[in-house]
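Topology and contacts: notes
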Amino acid sequence: MAEIHELIDRVAEPELKAQLQAAVDKLNQQKKFGLVFEEHLPECTPLYEVPIQKGRMVTQKGGKSEDLFVVLTIIDGIAACLPKRGGEVVKLPVAELVSVAEFGDPIYPYLKPIDTVCNAPGSDLWHTLIEADNYHALQLLEYLYAEQVDCIYIDPPYNTGAKDWKYNNDYVDANDMYRHSKWLSMMQKRLRIAKRLLNPQNSVLIITIDEKEYLHLGCLLEEMFPKARIQMISTMINPAGVSRHGAFARVDEYIYILQIGNSEASRLELHDEWRIRPDDKRATRLRWNTLIRTGTNGLRSDRKNLFYPIFVYQDGDAIHSVGKPYYGNDRTEVKAPDGTVAIWPIRSNGDEGNWQISHTVLWELAQKGYVHLGRFTENGMAISYLKRGEIQKIESGAFEISGYAKDGSVISNTEAMSLIPGTQWRISSHDATLNGTKLLQNIIGEKRFSFPKSLYAVADVMRFFVLNKPHALIVDFFAGSGTTLHAVNLLNAEDGGHRRCILVTNNEVSADEAKTLLAQGFQPGDEEWERLGIARYVTWPRTVCSIEGHDVNGQSLNGTYLRSDLPMSEGFSANAAYFKLGFLEKTSVALGLQFQKMLPTLWMKAGAIGPCPKLEDGEVPPMLVLPENHFAVLTVESAFEEFAASVNVRPEIETVYLITDYEVGYRAMAKSLNAPRIYQLYRDYLDNFRINTRRDVR
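This is a predicted model, so every value here is computed, not measured. (Residues numbered from 1 in each chain as written. Predicted model: local features only at pLDDT ≥ 70, side-chain atom pairs only at ≥ 80, totals over all residues. Heavy atoms only, no water.)

Topic: the overall build of the protein chain
Scanning the protein chain from terminus to terminus reveals 18 helices and 32 strands. If one aligns the C-alpha atoms of the protein chain with their principal axes, the spans along those axes are about 110 × 70 × 60 Å. Sorting the 698 residues of the protein chain into buried and exposed places 51% on the buried side. Counting contacts in the protein chain only where the partners sit at least 6 residues apart, residues at least 24 apart contribute 69% of the total. A total accessible area of about 33800 Å² is found for the protein chain, and carbon and sulfur atoms account for 50% of it. Both charge centroids of the protein chain, one from 76 positive and one from 89 negative side chains, sit 4 Å from each other. (Helix = DSSP H or I, 4+ residues; strand = E, 2+ residues; numbered from the N terminus. Buried < 20%, exposed > 50% of the residue type's maximum accessible area, 1.4 Å probe, protein only. Contact = heavy atoms within 4.5 Å. Areas by Shrake-Rupley, 256 points an atom, 1.4 Å probe, with all protein chains shown as cover. Lys, Arg positive; Asp, Glu negative; His and termini not counted. Charge placed at Lys NZ, Arg CZ, Asp CG, Glu CD.)

Some remarks on the sheet that holds strand β18 (residues 319–322)
Pairing is antiparallel across the open sheet formed by three strands, whose spatial order is β18-β17-β19. On the outer flanks of this sheet lie β18 and β19 (340–343), each paired with one strand and no other. Sheet twist, expressed as the average angle between the axes of neighbouring strands with direction ignored, equals 25 degrees. For strand β17 (residues 310–313) and β19, the ladder comprises four bridges, and the chain directions are antiparallel. (Pairing = 2+ DSSP bridges. Axes fitted to C-alpha atoms, helices over the stretch in contact; angles between N-to-C directions.)

Comments concerning the layout of surface pockets
By volume, the second largest pocket is sized at about 1500 Å³. Forming the boundary of the second largest pocket are 42 residues, of which Ala265, Ser266, Arg267, Leu419 and Ile420 lie nearest the centre. Mapped onto the lining of the second largest pocket, the elements with two or more residues apiece are β11 (229–236), β14 (252–261), α7 (388–395), β24 (418–419) and α9 (455–466). Looking at which element gives the most residues to the lining of the second largest pocket, the answer is α7, with five residues. (1 Å grid on protein atoms, 1.4 Å probe; cavity = no way out; pocket = protein on both sides within 12 Å on 5 of 7 lines; lining within 4 Å. Points joined across faces, edges and corners; volume = space filled by probe spheres on them.)

Re helix α3 (residues 134–145)
Burial analysis of α3 places 12 of its 12 residues in the buried class, which makes it a mostly covered element. What α3 keeps buried is the set Asn134, Tyr135, His136, Ala137, Leu138, Gln139, Leu140, Leu141, Glu142, Tyr143, Leu144 and Tyr145. Positioned one or two residues after α3, glutamate 147 has a phi angle of 60 degrees, which is positive.

Considerations on the packing of aromatic side chains
Overall, the coordinates contain 15 aromatic pairs when judged by the stated rule. Relative to tryptophan 355, the ring of tyrosine 308 has its centre 6.3 Å away and its plane inclined at 50 degrees; by these criteria the two rings are tilted. Of this pair, tyrosine 308 sits in the loop between β16 (289–290) and β17 while tryptophan 355 sits in the loop between β19 and α6 (359–368), placing them 47 residues apart in sequence. According to the relative accessible area criterion, tryptophan 355 is buried, its value standing at 2%. One aromatic cluster in this structure is built from Tyr108, Tyr143 and Tyr685. The lysine or arginine in question, lysine 195, covers the ring of phenylalanine 225, its NZ or CZ lying 5.4 Å from the ring centre. Positioned above the aromatic ring of tyrosine 143, the side-chain terminus of lysine 605 is 4.1 Å from the ring centre. (Phe/Tyr/Trp six-rings, centres within 6.5 Å; stacked < 30°, edge-to-face > 60°. Lys NZ or Arg CZ within 6 Å of the ring centre and 35° of its normal.)

A few points about the environment of glycine 77
Mapped onto the elements, glycine 77 comes out in the loop between β3 (69–75) and β4 (78–83). Classification of glycine 77 by relative accessible area gives partly exposed; the value is 41%. Taking the C-alpha atoms as reference, glycine 77 lies 32 Å from glycine 618; in sequence the two are 541 residues apart.

Description of the nonpolar core
Counting residues in each nonpolar core, the largest one holds 78 residues, and the members touching the most others are Ile130, Ile152 and Tyr685. Filtering out sequence-adjacent residues up to four positions away, tyrosine 685 remains in contact with Tyr108, Pro109, Tyr110, Tyr143, Leu584, Val589 and Met598. Within the second largest apolar cluster, 60 residues are counted, among which are Leu268, Ile443, Ala472 and Ala574. (Core = buried A, V, L, I, M, F, W, Y, C linked by side-chain atoms within 4.5 Å.)

A word on the pairing of β11
Looking at chain direction, β11 and β14 are connected through eight bridges and run antiparallel. Looking across to β14, one finds that isoleucine 230 is bridged to leucine 258.

Thoughts on the pattern of salt bridges
Overall, the coordinates contain 20 salt bridges when judged by the stated rule. A salt bridge links lysine 469 to aspartate 150, with the nearest nitrogen and oxygen atoms 3.8 Å apart. Pair noted here: lysine 469 is in the loop between α9 and β26 (473–476) and aspartate 150 is in the loop between α3 and β9 (151–154), with a separation of 319 residues, a long-range link. The pair formed by lysine 469 and aspartate 150 is uniform in burial state, with each residue classed as buried. Among the ionic pairs, lysine 212 bridges to glutamate 211, the shortest N-O distance being 3.9 Å. Where salt bridges share partners, they join Glu131, Glu527, Arg536 and Lys580 into one cluster. (Salt bridge = Lys/Arg side-chain N within 4 Å of Asp/Glu carboxyl O.)

Re helix α4 (residues 181–197)
Over its 17 residues, α4 runs 24 Å from end to end, which matches the ideal 24 Å to within 8%, given 1.5 Å per residue. Where burial is concerned, most of α4 is hidden: 15 out of the 17 residues are buried. (Expected span 1.5 Å × (residues − 1).)

What to know about the sheet that holds strand β10 (residues 202–209)
Hydrogen bonds along the backbone pair up the strands of a sheet, which may run parallel or antiparallel. Pairing in this open sheet of 10 strands is mixed, and the strands run β7-β28-β8-β27-β26-β9-β10-β14-β11-β25 from one edge to the other. Since the sheet does not close on itself, it has two edges, and those belong to β7 (109–118) and β25 (424–425), each with one partner. Bridge count for strand β8 (residues 127–131) against strand β28 (residues 575–583) is five bridges, and the pairing is parallel. Bridge pairing in β28 places threonine 128 opposite alanine 577. Contacts from α3 reach β7, β8, β26, β27 (500–505) and β28 within the one sheet, and its direction differs from that of β27 by about 150 degrees. Across the sheet, helix α13 (residues 534–548) lies against β7, β8, β27 and β28, angled at about 160 degrees from β28, the strand it touches most.

This is how it looks when you write it as structure tokens:
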């Protein structure tokens, strides 16, 4: 490919050159380099609320989700079903079947309210937990928040094959020619949508992983996010080590950081554990860099335009001026101004070298005090300067200028404890046993979840990127035990932020629990089964208890949070709503028969501000004007005049939904409203899920 690009560069005709480049770019997108894996068969999700009908795609409750059937007839509670993959018609009891949707089928989701916790009635900040397969939840979130998410943190299944925790952690398929295909295909489908959620101007994707899939995940991320800046951190999570028979004990795992747009990690006030060496204090002081280039490309011939004289007063106290690049062979022909000495970039062995920066940049830095003169040496003078990162410390206020030296260089006595650490983290508070497993057990009692992350590990890695975003929107679509929302509440409590978190988790039970429940006659979808699922048994109880400051038995939590010393018993000034993702019939939505079920979706699209509104009596009014939720809905067009008068006098109304089938009427009404965001229902909703579905599974 490099040769092709070289040939394209030789093309003189601009239009032809552009066409050739576009054709090559298209070929590059079709060719996979490095990572090759099979596209796994489409995943499926059960639709327990959708009735079993003729023509419906179904599977057996408790069976394999890939064993699909099409219902041919239903007689006396018995369905005649044709296997999708071919075979003889089988008859199955309707009670043992569940409707399914394959990934890629158009779906029309809604949010069914399950529960709420309100520990800050005066606050309009509401977090959300969505119980769902995260693929379909991501489809909904794209409709709600495309390009609006500031931070995505996920801790996906590590593909270990373990079956003792409440996530399908066995993504190795014996039928795959490449054993990682199933896991990679699962991740690719979800990351494809997640990419469209992230703010392309400034956002971050954070993914934790262990040694089983980190190589393959890294290649996948590099392929899917070619413009992101990607780093991988090694972090110690278990100082005691997890034994590996005949191998080294595992004490760490990895964190991929993908910075989108102009995302930057913030400098934080960190203790000595974060430094590579605890006794290394250089990170807390301004660091002056040697001006003469050392190492590779350090000869004059390597950078001819960086060979120039610096004229220093003879007493060595200050720079008089900076000369232009010299391309001659006799330096003595360059005359220094009276009272000055010419300092050239001469290496310690006497060879002619070059400076690190151009003569114009050096003079600009010298005028600002960012160049420091050392002592005269046999070859000239030791000169140092501040690089861009160090200058940023001064200009951002992290370091205060306390004076100037004789040579005009800045003096800072500041020992700022703020720094951006390296990529090896050995932080005691990140111990997943002490601040993950034990912390969770203190909240929800017995061991309900294996391997939760340390609360402080999650809070710390996010804090680097949301410190200066007090209103950040944070999403975790592999929510597990709910550590991310807990961490967001802790960050808000520490700095008074107003960050909002959306969690997504399924409601799977462990393999052992599934066997026990099946033996007792229960099936997925039964209340006894659902009660033990991860969302209802772990994620939501933790959310409620951490916000209210008590355990599942109502006893006050003991201890304080690290850094802030906030008593756990005080909980957090926060609110959260718990929803289950359901699915609607397209026709009933188009006919306006599902407004009550769609109201939580409209609330979330408007920013999830204030408590989610409800229609107590089930009646749909001609209009809803909800200033406390910052949105309004017109359900009957004939009420528009009254609706507009009410909306336009309330500047807090930022989102308006107009229910109308007519494009011309919608545009005319929209022009009369002052709200910054106006949507046409139900067209906006239906078109989104009809158009955007198939592209997520390619």
